[in-house]
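Understanding the architecture of this molecule
Listed below are the residues making up each chain.
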Amino acid sequence: MKVTVVGAGAVGASCAEYIAIKNFASEVVLLDIKEGYAEGKAMDLMQCASLNGFDTKITGITNDYSKTANSDICVITSGIPRKPGMTREELIGINAGIVKSVSSSLIEHSPNTIIIVVSNPMDTMTYLVHKTTNLPKNRIIGMGGALDSARFKYRLAEALEAPISDVDGMVIGGHSDTGMVPLTSHATRNSVKVSEFLSDDRLNQVKEDTKVGGATLTKLLGTSAWYAPGAAVSGLVQAIACDQKKMFPCSTLLEGEYGLSDLCIGVPVILGKNGIEKIVDIPLSDAEKTHMQQSAEGVKKTNGLLEL
Ligand SMILES: NC(=O)c1ccc[n+]([C@@H]2O[C@H](COP(=O)([O-])OP(=O)(O)OC[C@H]3O[C@@H](n4cnc5c(N)ncnc54)[C@H](O)[C@@H]3O)[C@@H](O)[C@H]2O)c1
Ligand SMILES: O=C(O)C[C@H](O)C(=O)O
């Protein structure tokens, strides 16, 4: 199993580290445009191998896509992150050009690959890959919901004063400060609906804290987060590499599902060796349906800024 990660920055390196530590891939190639940077990150990570007990071989390269040839999975993290006060949507001007050229170079050398898009604004970047490549829809996956759901569970556990392992929940919709739809109606603590334990006001607070999870960290760190994003990507990569048939909310091209079409947005999907093997339709409350509709309108507005 060969995995290429483009962008050896904060998220790309964290993602490579988690993939290696989980020890399911034979090879991870890190590629960056900055001279020597990916080589340095790869060497540093390889020097963790004996300490952390993994056999995955990590190599770093500067912009030579021939070294990525025949990758089973390619992750795109290249592009600029936001600074405090910015929205993810503001990154489109620079990141669209990067994602377009990177995805085309990757596919040239790995025509059968599955692409996971991470660069922001992620739903629009995922749509861009659909519009500018000929990959089938099951092989283009946007990562956002897995991360947002992890943040939702963190906030739920905090409100419930419970261990995170007691809590389950999912966030669908657009990966943006206003577009996320945390599914409070489905969230549980050991199969009991969280609404049994938390007031509407407290649940609303959990929802709002979840939606601004990325912005909160960006304000604290001065740039956006990387540990949980890297871990979330590694979970998607592992589900595909190990054909786990796990369900994650991912950004995918909708063609009528959830009453939406011609956009990529987060919905629950089954991930296995073919990438997205199924889109799962789940019942939403009326409020969640309305929020999903508004979220889709926001994503479509950003998609409208693409020069296709
Ligand atoms: N979808 C998500 O949930 C999620 C989570 C976190 C970050 N992000 C996004 O991921 C992206 C990366 O974030 P980061 O914190 O790792 O940024 P970073 O600046 O640390 O790393 C980005 C790397 O991309 C490289 N790069 C730029 N152009 C390139 C090109 N054409 N080819 C190859 N490499 C190139 C840069 O040299 C840099 O090393 C940002 O757009 C950020 O918003 C998304
Ligand atoms: O918040 C960001 O800009 C980065 C990422 O999308 C995140 O949610 O951490």
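Read on for an overview of the structure. (Residues numbered from 1 in each chain as written. Chains lettered and ligands numbered in written order. Predicted model: local features only at pLDDT ≥ 70, side-chain atom pairs only at ≥ 80, totals over all residues. Heavy atoms only, no water.)

Across all of its chains, the model carries 11 salt bridges by this definition. Between Arg-82 and Asp-177 there is a salt bridge, with the nearest N and O atoms lying 3.2 Å from each other. With Arg-82 in the loop between β4 (73-76) and α4 (92-109) and Asp-177 in the loop between β8 (171-173) and β9 (180-182), the pair connects residues that are 95 residues apart, well separated along the chain. Among the ionic pairs, Glu-257 bridges to Lys-137, the shortest N-O distance being 4.0 Å. Note that Glu-257 is positioned in the loop between β12 (246-255) and β13 (261-272) and Lys-137 in the loop between α5 (122-132) and β6 (140-142), a separation of 120 residues in sequence. A residue is classified by how much of its surface remains accessible, and Glu-257, at 21% relative accessible area, is partly exposed. On the basis of relative accessibility, which here comes to 26%, the residue Lys-137 falls in the partly exposed class. (Salt bridge = Lys/Arg side-chain N within 4 Å of Asp/Glu carboxyl O. Helix = DSSP H or I, 4+ residues; strand = E, 2+ residues; numbered from the N terminus. Buried < 20%, exposed > 50% of the residue type's maximum accessible area, 1.4 Å probe, protein only.)

In this section: the site of ligand 2. Close to ligand 2 lie Arg-82, Arg-88, Asn-120, Leu-147, Arg-151, His-175, Gly-214, Thr-218 and Ser-224, which account for all nearby residues. Arg-88 is positioned such that a nitrogen or oxygen atom in its side chain is 2.8 Å from an oxygen atom of ligand 2. When ligand 2 is considered free in solution it has 260 Å² of accessible area, and contact with the protein chains removes 94% of it. Sorting the residues of the shell around ligand 2 by element identifies α6 (145-160) and α8 (213-221) as the ones contributing at least two each. Of the residues in the shell around ligand 2, the class split is 1 nonpolar, 5 polar and 3 charged. (Near = heavy atom within 4 Å. Polar contact = N/O pair within 3.5 Å; in protein donor to acceptor, adjacent residues only side chain to side chain. Areas by Shrake-Rupley, 256 points an atom, 1.4 Å probe, with all protein chains shown as cover. Nonpolar A, V, L, I, M, F, W, Y, C, P; charged D, E, K, R; others polar.)

Attention now goes to the sheet that holds strand β7 (residues 167-168). One open sheet accounts for 3 strands, arranged β7-β10-β11; its pairing is antiparallel. Every interior strand has two partners, whereas the edge strands, β7 and β11 (192-193), have only one. (Pairing = 2+ DSSP bridges.)

With that settled, consider the side chain of Ser-110. As for its position among the elements, Ser-110 is in the loop between α4 and β5 (114-117). Since its relative accessible area comes to 1%, Ser-110 is described here as buried. Of the polar contacts made by the side chain of Ser-110, one reaches the backbone nitrogen of Ser-71; its length is 2.9 Å. With residues up to four places along the chain from it excluded, the contact list for Ser-110 reads Thr-68, Ala-69, Asn-70 and Ser-71. (Contact = heavy atoms within 4.5 Å.)

Pairing of β13 with strand β14 (residues 275-279) involves 4 bridges; the strand directions are antiparallel. Its bridge partner lying in β14, Val-269 is registered against Ile-279. What sits between β13 and β14 in their antiparallel hairpin is a turn of 2 residues.

Geometry only, nothing functional implied.
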